[in-house]
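Read off the chains here:
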Amino acid sequence: MAERSPYRAVDPRPDFPRLEDAVLQRWRERDVFRESLRRREGAPAWVFYEGPPTANGLPGTHHVLARVFKDVFPRYRTMRGYSVERKGGWDCHGLPVEIAVEEKLGIKSKEDIERYGIAEFNQRCRESVFEYLEEWNRLTERIGFWVDLDDAYRTLDATYVESVWWALREIWDRGLLYEGHKVVPYCPRCGTALSSHEVALGYRDVADPSVYVRFPTVDADAPLEPGDVLLVWTTTPWTLVSNAAVAVDPDLIYVRARRDGEVYVVAEALMERVLGEDAELLDRFAGRELEGVRYEPPFFFLGAAEYGERGHTVLLGDFVTAQDGTGLVHTAIAFGEDDFRLGEQYGLRVVNPVRPDGTYDERIGPYAGTSVKDADPDLIGDLRGRGRLLREEVYEHAYPHCWRCGTPLLYYAKPSWYIATSRVRDRLLAANEAVDWHPEHIRHGRFGKWLENNVDWALSRERYWGTPLPVWRCEADPAHVHCVGSLDELAQRSGTELEDPHRPFVDEVTFACDDCGATMRRVPEVIDVWFDSGAMPFAQHHAPFENDEHFRAHFPAQFICEALDQTRGWFYSLLAISTLLFDRAPYENVVCLGLILDAEGQKMSKSKGNAVAPWEVLDRFGADALRWYFFTSKQPWDGYRFSLETIGEGVRQFLLQLWNTYSFFVLYANVNRVDREGGQAGRAELDRWIVSRLHATAEVVDRGLAGYDATTAGREIAAFVDDVSNWYVRRSRRRFWDGDPDAFATLRHCLVTVSQLLAPFCPFLADEIYENLDGGEPSVHLCHFPEPGSRDAQLEHDMAVAREAVRLGLAARGQAKLKVRQPLREAVVVAAGPERAAIERLAEVVREELNVKSLRFVEAADELGRYEVKPNFRALGPRFGKSMPQVAAAVASLDPAHVAAALREERPVGITIDGRDHDLTGDDLQLAMKPLEGYQLEREGSHAVALELALDEELRREGLAREVVHAVQAARKAAGLAVEDRISLTLGGDGELLAAARAHEAYVTGETLATSLRYDGAKAGEPATIEGRELRITVEKA
RNA sequence: GGGCGAUUAGCUCAGUCGGUUAGAGCGCUUCUCUGAUAAGGAAGAGGUCCCUGGUUCGAGUCCAGGAUCGCCCA
């Protein structure tokens, strides 16, 4: 039978992106993802929820970050034996989609949209949402994110919308869905309210007028006196026309103070700043005593009665500060959130004299039709003319502007639908307690604080492209309201079967009022998109209408993962809906991802031009490189400083190192025609060591992935691969070129196991290695995750000590400027006890690595250096506490040689502190070597290595022979020979070099695979220089 | 303005329960090893562990205040 190579040859210069494409092709052919799911059918479920992105823009690097973390843990759990459903999802609704379409259509306002037609507009939105779907799918596959995109849920589907309606109806039935007023930021030019996200886009520093206005009291009594004037501060003079009340802090101290003959009321803390040093303090009292004081409003367009009983009186508010102003806050119910809440609290009516276009209405007489901001100067002039203005300044602050058109936003009270989440705040907090957050501080930090300050969820949006609010209202009596809970219910009530539940179709559906029989029409609002995505645990399955059991078996999720900014977004909407409906958290573990910054620490953004597109990285380094960077460069929640260079570093540091080890294995396995199944792993001592290290690694990786810590797990793999490459293979090379089956079995076992450990992290490279070295399954991703095996802790420890001794020996060589190639007679190792035992056990390894003929052990280092004795603070600190300085002094005065001798014999050492004797044992003291002058010695802790430097003729010749071998190897390589090629070797040149080669001829021919060696090549061949002598080398393939 | 987090070598990051001499990689300089390696090894240069104060026998680590950066909210 013809011999054949057991393994496919490996390119030592891999092109990872190309290789990954080939692996992808294999996955497709073998249907590996589906197969991995099929094999776990019926297994215990481990549930992952996909937070849906919107596909109306190109996916960026931050999406890749999220998607690879969404991939690594499900892959791990699948390999661990769980059934991990990975249903994809797409978020389809919302203002961002509408805005993108508006831009495309070149329209800017709601009027434009209605002119264009809601049906057509929403159709454009529907198309726009999936505009980049192909691009998303392509990237998702390319980065190895295994998620089911064919069966992805889409929030625009009628089934999805129906499940959302079901949830709203449940909330309605619990009495938690209600209509109220809300103060929203809106752009008067665009005629639209803005989401908080949009508001955040538009903060600009502006200079606004800052006015101090006199509000004379009316019929004042104690603690005030007739004629006292309230001093009120505002930066929005235009809202003064609808002043409804003045707010003070009940606990803050206020004063009556006289200035220029007038008595003002201001907060004590602000008196001097506002009234100046000359103001005369007349009286002090708490803010609460001012409650109910009546005053003359700054303008008379709207009378007190318009606001109700408490109009134009002093009220108590919890939002008043003594930071700026006067401590008395002008309150205009319609134009501020605090104002609005206060109004609700005191039963004041909302009066809003501003039209949707930002101009005053006819109630404001001469100002009707004027833009409110433009009216500021005239209003201030008016106040001044009537003696009501104390002072005018300029106030510079950040104020939100419309991010689209730059118009300053106004705050404006509008009717709006709410979910009464604040009534279940305690349940939200309790649900949050049950969640494992990564990082942990989110629970009681950012997210916990957010929940503690929970306010009712403002659910409705006066927009077009979204899940319609399923609330119908009676034309005859607005108090008759009904929330529809399913498409069926709507069909039964109205007789209309809706195919598309979106606007405008749903708006046309009417039915008879249960209470009075009049016509019920839907309210115009759609709902917040966050409610859509928060409903995904059941809505993705169309539960409870279909698949209800499946939903219940897959709720809650064990794992979700999104960026940190989702605390206010998806993390919250999921939790809120789940708590409202099921009184529990919908997820058990959350991994929060940080932001991606550029190499300079600047936020990446398209506008700055510093964004790195994912494809740039994928095409240059490949997906595994990008994944590896995200997993191992740092803990993901801390954010990333992203650059191509950093990723390249990871490639060289880890991927190439692993690849080279793999390539080395295949090269020599094929050269030696090694039997795949031959040999036994972990028999020789070095083999047992690397296998033990492998098991240690498997433990850490398993624990890390189980605990959502990919960083520690990944770094552990890298450390192991380094041990394999730079120690195991390095020390075992001879066995590999001699074809030792045990060595091959051991290395193969390590590499195959690494491929399995690595599979969740770098699914491409892992599969490539597995496929070639094992291939027992169609893919590594169908394997079971490695179980940690038994370890030899003693051997691991001993090897660490031996490697330390090697490090010391190499350092000593470096100091002496003696090449490792030059053999030395002897290394003197100073070590005792377990350390000596460790080095003795691994003496061969140490000896070979240091290239010395023998190791000699000495226990006392007296001949090589002095000992130093130091206290072990860690052990002694708790025992001696405040006496530690004395202990340290006592230890310092001990005779080190005496201590060393005592400890060798395991006798205690006595010290005296404050007249009391104490025994110190080995654990209490640290012995360190201190080198003496003139010795070539390297020390570390209590052991050291010294080298015998003297060379005799024999050693010298052997060194030269090694130099000759080295030169021949270089010539072999230059001649382009394969590692297994036999050669005819001809040497010539310097007599001493040739003599050295002759003296070690068997060694030279053995090392260089020479079948013949001649010494007559004086004139021929490539010249090489060894220690100033010329060597001529002729290498011919034999 | 409030909340949360971060700040350690030129760069990217570790640093365990508080333990006295703070580490790694990259980059730089000088050596060196190599019948896989673009790799590896040794030495060197490089540190106000953001600052100030406190707790402690002992603080990069714990506490308080501040600075800077980032995120979220207002």
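Residues numbered from 1 in each chain as written. Chains lettered and ligands numbered in written order. Predicted model: local features only at pLDDT ≥ 70, side-chain atom pairs only at ≥ 80, totals over all residues. Heavy atoms only, no water.

Asker: How should I be thinking about helix α33 (residues 896-904) in this particular structure?
Answerer: An α-helix turns once per 3.6 residues; consequently, residues spaced three or four apart project the same way. Val899, Ala900, Ala902 and Leu903 are the residues of α33 that are buried. On an axial view of α33, the arc spanned by its buried residues comes to 165°, and they lie on one face. With its phi angle positive at about 60°, Glu906 sits one or two positions after the end of α33. (Buried < 20%, exposed > 50% of the residue type's maximum accessible area, 1.4 Å probe, protein only. Helix = DSSP H or I, 4+ residues; strand = E, 2+ residues; numbered from the N terminus. Arc of directions from axis to C-beta.)

Asker: So what exactly am I meant to see when it comes to the packing of aromatic side chains here?
Answerer: Ring pairs (aromatic) are described by centroid distance and by the angle formed between their planes. Under the counting rule described, the total for this entry stands at 50 aromatic pairs. Ring centres of Phe551 and Phe582 lie 5.7 Å apart, and the angle between their planes is 45°; on these two criteria the pair is classed as tilted. Here Phe551 is found in helix α19 (residues 548-553), whereas its partner Phe582 is found in helix α20 (residues 570-582), with 31 residues between them in sequence. What makes Phe582 partly exposed here is its relative accessible area of 22%. Pairwise contacts between aromatic rings join Tyr7, Phe664, Phe665, Tyr668, Tyr728, Phe736, Trp737 and Phe744 into one cluster. Sitting over the ring of Phe764, Arg142 keeps its end group 5.8 Å from the ring centre. In this structure, Arg998 is placed above the aromatic ring of Tyr1015, and the distance from its NZ or CZ to the ring centre is 4.2 Å. (Phe/Tyr/Trp six-rings, centres within 6.5 Å; stacked < 30°, edge-to-face > 60°. Lys NZ or Arg CZ within 6 Å of the ring centre and 35° of its normal.)

Asker: How should the pattern of salt bridges be read in this particular structure?
Answerer: Pairing of side chains with opposite charge becomes possible as their charged atoms draw close. Scanning the model with the defined rule gives 83 salt bridges in all. The partner of Arg683 in a salt bridge is Asp742, with the nearest N and O atoms 2.9 Å apart. Placement of the pair is Arg683 in the loop between α23 (644-671) and α24 (685-706) and Asp742 in helix α26 (residues 741-758), with a sequence separation of 59 residues. Note that Arg688 and Glu685 form a salt bridge whose closest N and O atoms lie 3.7 Å from each other. In this pair, Arg688 and Glu685 both sit in helix α24, three residues apart, roughly one turn of the helix. Classification of Arg688 as partly exposed rests on a relative accessible area of 31%. Within the structure, one salt-bridge network assembled from shared partners comprises Asp31, Glu35, Arg38, Arg39 and Glu777. (Salt bridge = Lys/Arg side-chain N within 4 Å of Asp/Glu carboxyl O.)

Asker: Would you take a moment to explain the nonpolar core for this structure?
Answerer: The tendency in soluble globular proteins is for nonpolar side chains to be buried as a group. Counting 124 residues, the largest nonpolar core has Phe69, Phe73, Phe630, Leu705, Ile717 and Phe761 as the members making the most contacts within it. A per-element tally of this core places α23 first, with 13 residues. Residues in contact with Phe73, not counting those within four places in the same chain, are Trp46, Phe559, Val591, Leu705, Tyr708, Asp709 and Ala710. (Core = buried A, V, L, I, M, F, W, Y, C linked by side-chain atoms within 4.5 Å. Contact = heavy atoms within 4.5 Å.)

Asker: Just to check I follow, could you spell out the protein's contact with RNA strand B for this structure?
Answerer: Taken together, 50 residues sit near RNA strand B, with Arg446, Arg568, Trp737, Phe873 and Lys882 positioned nearest. Within 4 Å of the protein, the atoms of RNA strand B are drawn from sugar and phosphate moieties in a proportion of 61%. A distance of 2.5 Å separates a sugar or linking oxygen of RNA strand B from a polar atom in the side chain of Arg568. Measuring from a phosphate oxygen of RNA strand B, one finds a side-chain N or O atom of Arg821 at 2.8 Å. Within the residue set of the surface near RNA strand B, elements represented by two or more residues are α15 (446-452), α23, α25 (710-737), α28 (793-816), α31 (873-880), α32 (884-892) and α34 (953-974). (Near = heavy atom within 4 Å. Polar contact = N/O pair within 3.5 Å; in protein donor to acceptor, adjacent residues only side chain to side chain.)

Asker: Explanation requested: the environment of Trp737 in the structure shown.
Answerer: Residue position: Trp737 is located in helix α25. Along the sequence, Trp737 and Ala669 sit 68 residues apart, while their C-alpha atoms lie 8.8 Å from each other. If near-sequence neighbours (up to four positions away) are discounted, Trp737 is found in contact with Tyr668 and Asn672.

Asker: Would you mind showing me how to read unusual backbone geometry here?
Answerer: Peptide bonds are trans in most cases, and residues, glycine excluded, mostly fall at negative phi. At the junction of Arg503 and Pro504, the peptide bond is cis and its omega measures out at 0° in the coordinates. With respect to the secondary-structure elements, Pro504 resides in the loop between α16 (487-494) and β21 (511-512). Here the residue pair Ala543 and Pro544 is connected by a cis peptide bond, since its omega of 0° sits within 30 degrees of zero. At Asp31, a position not held by glycine, the phi torsion is positive, near 55°.

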